[in-house]
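Reading the structure
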Amino acid sequence: MGSKKGIMFVGLCGHLSTTAMAGCLALEKKLCPPIGLVTQKKALDGISFFDFSDIVFGGWDIRPFNDPKKVLKDTGIDDFQALADIEKKLKKIQERAFSGIAINAGGAIDALSVKKCVFVSESLSDIIDKVKNDIERFRSENSLDEVVVVNLASTEPPVQDPEALGSIRAIENLIKENRVQSVRPSLIYAYAAIVSKCVYINFTPSEGGLSQGLVDLANQYQVPLMGCDGKTGETLVKSALAPLFAMRNLEVMSWEGYNLLGNMDGQVLQNKENGSTKIKSKDRLLPHILGYPPHSKVTIDYVPSLGDRKTAWDFIHFKGFLNTVMSLQFTWQGCDSALAAPLVLDLARFGILALQRGEYGLMTHLASFFKSPWGVDEHALGKQFQFLEEYCSKVKEE
């Protein structure tokens, strides 16, 4: 409290990071209530989270500036002078973005990159040093003791060789041997963040962004980390609804999900490589919760006219007493970034709290924030949230 904290976004100029920053500035100016922020729940009063006025933002991108007006037009704030001030601040932050990494990120992400915004090198060691130097410069210029790095970049293709990320030695050999094809940008950022003693959050499903080797590295450098893939929409509803069928012993025969996305995430996910990583993350929780695998398929389609809006339609075919066949359907329509941005700020607050408390390694109490929470086999939302409540009760008691 009182001293500045740094948040560095991978994807600083993206819609989600811009929304998170705009929300933070709006909360600082008291332009809106803190709806959507778990850390603002009354039950968490008494925990010393950093104030929104204490944050300095920075990060990387492979594209130049994203017009903040695209974000601010979706808000329910009608103070136009305040919005104009926020827009100016966001532009200044984006103008200071460090050049990003697009090495081996797949054709869909390469197509979005702008040459002048991408750091290019044939040496993995040089690329990692570059990101480490960016972190140190950001930390030094802003006199920061604590920094959180949050990966908000577009979903990458699957990792070709997961075993190459399974231990610290394996990762370091991969870097030393310059095995570029085994690397994704998410690994570069994660490795550089951890060895720079930053809190690290992988909000994406990208497999390079969190592995056993990175967990071991975080334990070695004594920093907190957590991921993967922020849970904000269809999967959030699934994780809350599926336990109903399990508790009432109703047999789910099939659960089909159809998703429409209009933002850049949806555009990138149309590439089969990138989309397969996301679908794998979205489709894994039902067998865990139900205890058996129903027929299940997740489909994602890109609809440009939706902008930052998303729609998910799910059809659940289930069987009850006397083999009676029934069904349930739901439609989830939301603003993608407005759902995700408060979680990003929550995770940064919990990460800094953990760092200040001398905690490190996986923050498993944050499982409810993720589709694929590392180190946690529980996927039912209510039970996951109990982990967070128990953690917060412990913090308040100390």
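Refer to the structure above for everything that follows.
Residues numbered from 1 in each chain as written. Predicted model: local features only at pLDDT ≥ 70, side-chain atom pairs only at ≥ 80, totals over all residues. Heavy atoms only, no water.

**Observations concerning the overall build of the chain**
Convention followed: Strands are runs of DSSP state E lasting at least 2 residues, helices are runs of H or I lasting at least 4, and numbering of each runs from the N terminus. Contacts are assigned to residue pairs with any non-hydrogen atoms lying within 4.5 Å of each other. Only the protein chains shown count as cover for residues, and the accessible areas themselves come from Shrake-Rupley with a 1.4 Å probe. Charged-residue counts in this description rest on Lys and Arg as positive and Asp and Glu as negative, His and the chain ends being excluded. Just so you know, the charge point we use is NZ for Lys, CZ for Arg, CG for Asp and CD for Glu.
Tallying secondary structure elements over the chain gives 14 helices and 11 strands in all. With the C-alpha coordinates aligned to their principal axes, the bounding extent of the chain is approximately 70 × 50 × 50 Å. Looking at the chain alone, contacts between residues at least 24 apart form 77% of all its contacts between residues at least 6 apart. Looking at the chain as shown, the accessible area adds up to about 17400 Å², and 51% of this sits on carbon and sulfur atoms. Positive and negative side-chain charges in the chain, numbering 44 and 47 respectively, have mean positions lying 3 Å apart.

**A short note on the sheet that holds strand 2 (residues 55-61)**
Let me state the cut-off plainly: The criterion for strand pairing is that DSSP finds at least two bridges linking the strands in question.
As summarised here, the arrangement of the seven strands in space is 3-2-1-4-5-6-11, forming an open sheet in which the pairing is parallel. The open sheet has two free edges, formed respectively by strand 3 (98-99) and strand 11 (361-362), since each of these has just one partner strand. Of the pairings in the sheet, the one linking strand 2 to strand 3 comprises two bridges and is parallel in character. Pairing of Asp61 across the sheet is with Ser99, part of strand 3.

**Here we look at the state of the cysteines**
What counts is decided by this rule: By disulfide we mean two sulfur atoms from cysteines, separated by a distance within 2.5 Å. Exposure classes here rest on a 1.4 Å probe applied to the protein chains alone. A residue is buried below 20% of its type maximum, exposed above 50%, and partly exposed in between.
In this structure the tally under the stated criterion is zero disulfides. Not part of a disulfide, Cys117 finds its nearest cysteine sulfur in Cys13, a span of 7.5 Å. Taking the relative accessible area as the measure of exposure, Cys117 reaches 12% and is therefore buried. Free cysteine: Cys228, not disulfide-bonded; nearest cysteine sulfur from Cys198 at 18 Å.

**Some words on unusual backbone geometry**
For the bond from Gly227 to Cys228, the omega torsion is 10°, close enough to zero to count as cis. Inspection of the secondary structure assignment puts Cys228 in the loop between strand 6 (224-227) and helix 9 (234-247). Phi at Lys197 takes a positive value of approximately 60°, unusual for a residue other than glycine. With respect to the helices, strands and loops of the structure, Lys197 is situated in the loop between helix 7 (185-195) and strand 5 (199-202). The backbone phi angle of Asn323 is positive, close to 60°, even though this residue is not glycine. In this fold, Asn323 is placed in the loop between strand 9 (309-319) and strand 10 (325-335).

**What about the side chain of Ser254?**
Structurally, Ser254 can be placed in strand 7 (residues 251-261). Taking relative accessible area as the criterion, Ser254 reaches 13% and is therefore assigned buried. Filtering out sequence-adjacent residues up to four positions away, Ser254 remains in contact with Pro294, His295, Phe315, Ile316 and His317.

**Digging into the packing of aromatic side chains**
Stated formally: Two aromatic rings from Phe, Tyr or Trp, using only the six-membered ring of Trp, form a pair when their centres are within 6.5 Å; if the ring planes differ by under 30 degrees the pair is stacked, by over 60 it is edge-to-face, and anything between is tilted. A ring has a charge above it when a Lys NZ or an Arg CZ is no more than 6 Å from the ring centre and no more than 35 degrees off the ring normal.
Going through the model one piece at a time under the given rule, you end up with nine aromatic pairs. Between the aromatic rings of Phe245 and Phe318, the centroid separation amounts to 5.1 Å while the plane-to-plane angle is 65°, which identifies the pairing as edge-to-face. Separated by 73 residues along the polypeptide, Phe245 in helix 9 and Phe318 in strand 9 bring together distant segments of the chain. Here Phe245 falls in the buried class, since its relative accessible area comes to 2%. Taken together, Phe49, Phe350 and Phe369 form an aromatic cluster joined through their ring pairs. Its guanidinium or amino end placed over the ring of Phe50, Arg349 lies 5.9 Å from that ring's centre, counting from NZ or CZ. Between Arg349 and the ring centre of Phe52, over which it is positioned, the NZ or CZ distance is 4.3 Å.

**Remarks on helix 9**
Note the following rule: Here the expected length of a helix is defined as 1.5 Å per residue gap, with one fewer gap than residues. The angle separating two fitted axes, one through the seven residues that finish at a residue and one through the seven that start at it, defines the bend at that residue.
Its 14 residues give helix 9 an end-to-end C-alpha distance of 20 Å, which sits within 8% of 20 Å, the value for a rise of 1.5 Å per residue. Residue Ala240 marks the point of greatest curvature in helix 9, where the axis turns by about 25°; the proline Pro243 follows within four residues. Three or more residues of helix 9 are buried, namely Glu234, Thr235, Val237, Lys238, Ser239, Leu241, Ala242, Pro243 and Phe245. Count one or two residues on from helix 9 and you reach Asn249, which has phi positive near 55°.

**Here we look at the layout of surface pockets**
Rules: Of the grid points, spaced at 1 Å and generated over the protein atoms alone, those admitting a 1.4 Å probe that cannot get out make up cavities, while open sets with protein on both sides within 12 Å along at least five of seven lines make up pockets; any residue with an atom within 4 Å of a point is treated as lining. Grid points are joined across faces, edges and corners, and a volume is the space filled by probe spheres set on the points. Amino acids are sorted into nonpolar (Ala, Val, Leu, Ile, Met, Phe, Trp, Tyr, Cys and Pro), charged (Asp, Glu, Lys and Arg) and polar (every other residue, Gly among them).
Approximately 580 Å³ is the volume attributed to the second largest pocket. What lines the second largest pocket is a set of 29 residues, and nearest its centre among them are Thr19, Gly23, Cys32, Thr75 and Ala338. Breaking the lining of the second largest pocket down by element, the ones donating at least two residues are helix 1 (15-28), helix 2 (69-72), helix 3 (80-95) and helix 13 (336-356). The biggest single contributor to the lining of the second largest pocket is helix 1, with eight residues. Here the residues of the lining of the second largest pocket sort into 20 nonpolar, seven polar and two charged.

**A look at the environment of Thr331**
With respect to the helices and strands, the residue Thr331 is situated in strand 10. Sequence-distant contacts of Thr331, that is, excluding residues within four places in its chain, are made with Thr311, Ala312 and Trp313.

**With respect to a positive patch on the surface**
The condition that has to hold: To count toward a patch, a residue needs a relative accessible area above 30% and no salt bridge. Like charges then connect within 9 Å, nonpolar side chains (Val, Leu, Ile, Met, Phe, Trp, Tyr) within 5 Å. The term salt bridge refers to a pairing of a side-chain nitrogen on Lys or Arg with a carboxyl oxygen on Asp or Glu at a separation within 4 Å.
Judged by side-chain charge, Lys29, Lys88, Lys89, Lys92 and Arg96 come together as a positively charged surface patch. The residue Lys92 is located in helix 3 in this model.

**Let's talk about the pattern of salt bridges**
A complete count under the given rule lists 14 salt bridges for this structure. With its nearest N and O atoms 2.9 Å apart, the salt bridge here joins Lys310 to Asp336. Placement of Lys310 in strand 9 and of Asp336 in helix 13 is noted, with a sequence separation of 26 residues between them. As far as burial versus exposure is concerned, Lys310 and Asp336 are alike and both buried. Here Glu398 and Arg357 are joined by a salt bridge, their closest N and O atoms 2.8 Å apart. Placement of Glu398 in the segment after helix 14 (381-397) and of Arg357 in the loop between helix 13 and strand 11 is noted, with a sequence separation of 41 residues between them. Look at Arg357 and you get partly exposed, because its relative accessible area is 28%.

Keep in mind these values describe shape, not function.
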